[in-house]
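Descriptive analysis of the structure
So the chains spell out like this:
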Amino acid sequence: MTNIADSLLIVVLLLNFYTLGTSRVRAVIMASAAQGTVLGVVALLAHGKIGLLSLVIAVVTVVLKGIIIPKMLMRAMRDVGIRREVEPLIGLVPSLLVGALGTGLAVLFSHALPLVKEHAASLLVPTSLSTVFTGFLLLTTRRKAITQVVGYLVLENGVFIMGLTLVHAMPFMVEMGVLLDLLVAIFVMGIIINHINREFASLDTTRLSQLRD
Amino acid sequence: MAWLLVLVPLAFALIAFAVRSDRVRPWVVATAGMVQLPLVFLALRRQHVEGLNGWLQLDALGKVVLGFTTILFAACACYVPGYLNQRREGNSRMFCTALLAFFAVLTLITETHHLGLLWVAIEASTLSTAPMLYFHRTPRSLEAIWKYLLIGSVGIALALMGCFFLGYASLYAGHEPSLELSELIENAPFMSKSWLHAAFIFLLVGYGTKMGLAPMHTWKPDAYGEAPGVVGTLLAGGLTSGAFLAILRVYRIVVAAGEADFARKPLIALGLISMLVAGVFMARQKDFKRMLAYSSVEHMGILVLGIGIGGGAVFGALLHMVNNGLTKGVLFLSAGNIHRAYASKSTDEVRGALRRAPYSAGLFLAGFFAITGSPPFGPFLSEFTILQSAMASHQYAIVGAFLVMLIIVFIGMGSTVLAVVQGEPGPLPDRPTSNERFLTIAPSVFLLAIVLMLGVYVPAPLNNLLRVAAQSLEGR
């Protein structure tokens, strides 16, 4: 079972690199959708035995992160007519290199961490740290508001993976609350993106610079 | 009872959403304030207010926050009808619904004893305030809301990471992981120290972002600058206090683990940095709403600094949270009136407010003296308590830095405030000579009266609650 989970986590890591290396907004959204779907399956495996609640959590995760949220982002993308991320603050190849470096450091760092026996050999913790780092990178180096939202999603995915080490501590209701908050957050951000596009005739967040001291 | 306190504002939010008439809806908000206030004070007098298997529990600390934020909310609720009457262009339905929903969530924050639920509630508070920030529908407010949402969401994601680390700290120690406060406190002495330290840092940075501590404060001047006065009040007095409460919950666990000394250093550092940043950016600040935002950064710094100093300063910090929240209400509500009277919030255009909007300007001036710690207002007493305790425990460097920063802030803030209230009003666009109505003035007067009272005399029930809360934070 841990073997399957670990191979899925490697897919998550590869998807991190893919989001960093592509300039097509559509591809970035699809990658985050794929990541969300994979994480739903990993969540099911992490629960150990398949019960009703763990099944519900996995299904809701897949439906939200894999289908609904990407659909909302796709629609926002169509509405504002943006296809490509132009001129990220750090180029695609350099950000890929930084991402690789971050992942390497995450693996090294999690070896140094005091981990429970069943997590020490698994990829859960390094994948979590590396995914959080990738999310940060996307958030800070991309100019388009929509790519920044995907960055936030990837960051949230990383936190989600860390949560899988504690599946038994998180009550069902709280887990659902976290997912609901995520959905509403993306929904609100989608609305704002639309308004930004209408007001500024652009989604370039570097134009959001009127407010300063 | 515990549920009722959350459900009542939520029910009013639904009513506000359902009501079609723009004229009736603001009064739904005012009614909600008038219903919630006695209800909360009834709950405060009870010994045990619990619900949901102990996930909801009103302890002394929660009672303090719930009590003063409800007073603040009631004042804002009464201000809303007068405000919306003068600002008819915005989306009143979104505004009223979001305001009431926000208050329901804030009540949940004060009651919950489950860190996961606390996280969900704080994230929900971010989301429910977003529509209110977009009330004016200007490009500037869009920029503010984008920064607010993105920085806030990232901060809060880090806080969730911190929660998981905290759970892992018990898991590593061989205990059944849980995010319930009482169990975490029980397990704390056995937790893995390194995971606990990491958890505290993540939670401090995460919730500190929501609190607006420097250097994570960058969303604050933009959001407060563009937000309507009522929303500024609820953010600066309510939301930030809720985030502070979250940090205190975590601090309590760290204290129980015997690691208070570890936690104090970052608290003191963030506190002093916040005060410094606020002082620097407040000097020659022309935008008086942004100035209030930096004042909020400063006082959030004082709060965590007080906790970091420890001893009697913890009591002082808790009292200061109450004083700061209520005084911010006076300042933001009167600043909102001045903003509307001039259709500007820059000292380039706003001059002589004492003539053009005499009551608001008077309240603004009094609020300035209160918040900068002038006697006989409440903040003087609480800041004095913090300083005294720092002296008593021989932390002279902190005392010196604290005093210097208070003076810098006083001068910086004073020059802006005096520029607003003094002088001759310049030529102005065609506007009615006075927009001051009973409902837009009375709430600030009410809050100022409480702030004044707290400076002279702290009522015994509040004093008791603060003492119990401070003792529990010190692990006694």
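Report follows, based on the coordinates.

1. Re the overall build of chain A
A count of helices and strands for chain A gives eight helices and zero strands. Starting at the N terminus and walking to the C terminus, you meet the elements of chain A as α-α-α-α-α-α-α-α. Its C-alpha radius of gyration of 17 Å places chain A within 12% of the 17 Å reference for a compact globule of 213 residues. In terms of its C-alpha atoms, chain A occupies a principal-axis envelope of roughly 50 × 35 × 35 Å.

2. Let's talk about the overall build of chain B
Scanning chain B from terminus to terminus reveals 19 helices and two strands. In summary, chain B has a C-alpha radius of gyration of 21 Å against a globular reference of 23 Å for 476 residues, a match within 12%. Taking the principal axes of the C-alpha coordinates as reference, chain B spans close to 70 × 55 × 45 Å. By residue count, 63% of the 476 residues in chain B fall in the buried class.

3. Some remarks on the interface of chain B and chain A
Each partner contributes to the interface: chain B provides 37 residues, whereas chain A provides 35 residues. Listing elements by their share of the side of chain B that touches chain A, those giving two or more residues are helix 5 (115-133), helix 6 (139-172), helix 8 (193-211) and helix 9 (219-226) of chain B. Looking at the side of chain B that touches chain A, the element that brings in the most residues is helix 6 of chain B, giving 19 residues. Residue composition of the side of chain B that touches chain A, by class: 25 nonpolar, eight polar and four charged.

4. Comments concerning the nonpolar core
If you look at the biggest cluster of nonpolar residues, it comprises 255 residues, and the most contacted ones within it are Ile146(A), Leu100(B), Leu133(B) and Ile247(B). Here this core takes 23 residues from helix 6 of chain B, the largest share from any one element. Residues in contact with Leu133(B), not counting those within four places in the same chain, are Ser141(B), Ala144(B), Ile145(B), Tyr148(B), Ala223(B), Glu226(B), Ala227(B) and Val231(B).

5. Re helix 3 (residues 60-86) of chain B
Residues and elements named next belong to chain B. With 27 residues, helix 3 ought to run about 39 Å at 1.5 Å a step, and its terminal C-alpha atoms sit 39 Å apart, in line with that. Valine 80 marks where helix 3 bends most, by close to 35 degrees; the proline proline 81 follows one to four residues later. Of all 27 residues making up helix 3, 23 are buried, and the element is well covered by its neighbours.

6. Observations regarding the packing of helix 3 of chain B against helix 18 (residues 438-456) of chain B
All names here are of chain B. Here helix 3 crosses helix 18 at 165 degrees, and the two axes come no closer than 7 Å. In terms of their interaxial angle, helix 3 and helix 18 are classed as roughly antiparallel. Helix 3 and helix 18 meet at a crossing whose hand is left-handed. Contacts between helix 3 and helix 18 pair Ile71, Ala75, Cys76, Cys78, Tyr79, Pro81, Gly82 and Tyr83 from the former with Leu439, Thr440, Ala442, Pro443, Phe446, Leu447 and Ile450 from the latter. Broken down by class, the residue content of the contact of helix 3 with helix 18 amounts to 13 nonpolar, two polar and no charged.

7. Structural notes on unusual backbone geometry
Residues and elements named next belong to chain B. Going from alanine 214 to proline 215, the amide bond is cis rather than trans, its omega being 0 degrees. Looking at the secondary structure, you find proline 215 in the loop between helix 8 and helix 9. Residue proline 376 is bonded to the preceding proline 375 through a cis peptide linkage, with omega at 5 degrees. On the secondary structure map, proline 376 appears in the loop between helix 15 (358-371) and helix 16 (378-392). For arginine 137, which is not a glycine, the phi torsion comes out positive at approximately 55 degrees. Judged by the 12 C-beta atoms lying within 10 Å of it, arginine 137 falls in the exposed class. We note that arginine 284 has phi near 55 degrees; this positive angle belongs to a residue other than glycine. In this fold, arginine 284 is placed in the loop between helix 11 (260-282) and helix 12 (288-309).

8. With respect to the environment of Ala283(B)
Note on placement: Ala283(B) falls in the loop between helix 11 and helix 12. Overall, the presence of 16 C-beta atoms within 10 Å leaves Ala283(B) in the partly exposed class.

9. Things to note about helix 8 (residues 172-200) of chain A
For helix 8 of chain A, spanning 29 residues, the distance from its first C-alpha to its last is 42 Å, which sits close to the expected 42 Å at 1.5 Å a residue. Along helix 8 of chain A, the positions that sit buried rather than exposed are Val174(A), Glu175(A), Val178(A), Leu179(A), Asp181(A), Leu182(A), Ala185(A), Ile186(A), Met189(A), Ile192(A), Ile193(A) and Ile196(A). Close packing links the buried residues of helix 8 of chain A with helix 3 (52-80) and helix 7 (145-163) of chain A together with helix 5 and helix 6 of chain B. Two residues or fewer after helix 8 of chain A comes Ala201(A), characterised by a positive phi angle close to 55 degrees.

10. Some thoughts on the environment of Pro81(B)
Residues and elements named next belong to chain B. Locating proline 81 in the fold gives a position in helix 3. Since 19 C-beta atoms lie within 10 Å of it, proline 81 is described here as partly exposed. Residues in contact with proline 81, not counting those within four places in the same chain, are Pro26, Trp27, Ala30 and Leu439.

11. Concerning the environment of Arg142(A)
All names here are of chain A. Following the sequence through the fold, arginine 142 ends up in the loop between helix 6 (124-141) and helix 7. Residue class for arginine 142 comes out buried when judged on the 26 C-beta atoms lying within 10 Å of it. In the structure, arginine 142 is positioned 55 residues away from glutamate 87 in sequence and 8.1 Å away in space, judged by C-alpha atoms. Each residue touching arginine 142, except ones within four places of it in the same chain, is listed here: Glu85, Pro88, Thr147, Gln148 and Gly151.

Criteria and cut-off values
Residues numbered from 1 in each chain as written. Chains lettered and ligands numbered in written order. Predicted model: local features only at pLDDT ≥ 70, side-chain atom pairs only at ≥ 80, totals over all residues. Helix = DSSP H or I, 4+ residues; strand = E, 2+ residues; numbered from the N terminus. Rg over C-alpha atoms; globule rule 2.2 N^0.38 Å. Buried ≥ 20, exposed ≤ 12 C-beta atoms within 10 Å, placed from the backbone. Contact = placed C-beta atoms within 7 Å. Nonpolar A, V, L, I, M, F, W, Y, C, P; charged D, E, K, R; others polar. Core = buried A, V, L, I, M, F, W, Y, C linked by C-beta atoms within 7 Å. Expected span 1.5 Å × (residues − 1). Bend = angle between axes of the 7 residues up to and from the residue. Axes fitted to C-alpha atoms, helices over the stretch in contact; angles between N-to-C directions. Parallel < 35°, antiparallel > 145°, perpendicular 65-115°, else oblique. Left-handed = near helix turned anticlockwise from the far one by under 90°.

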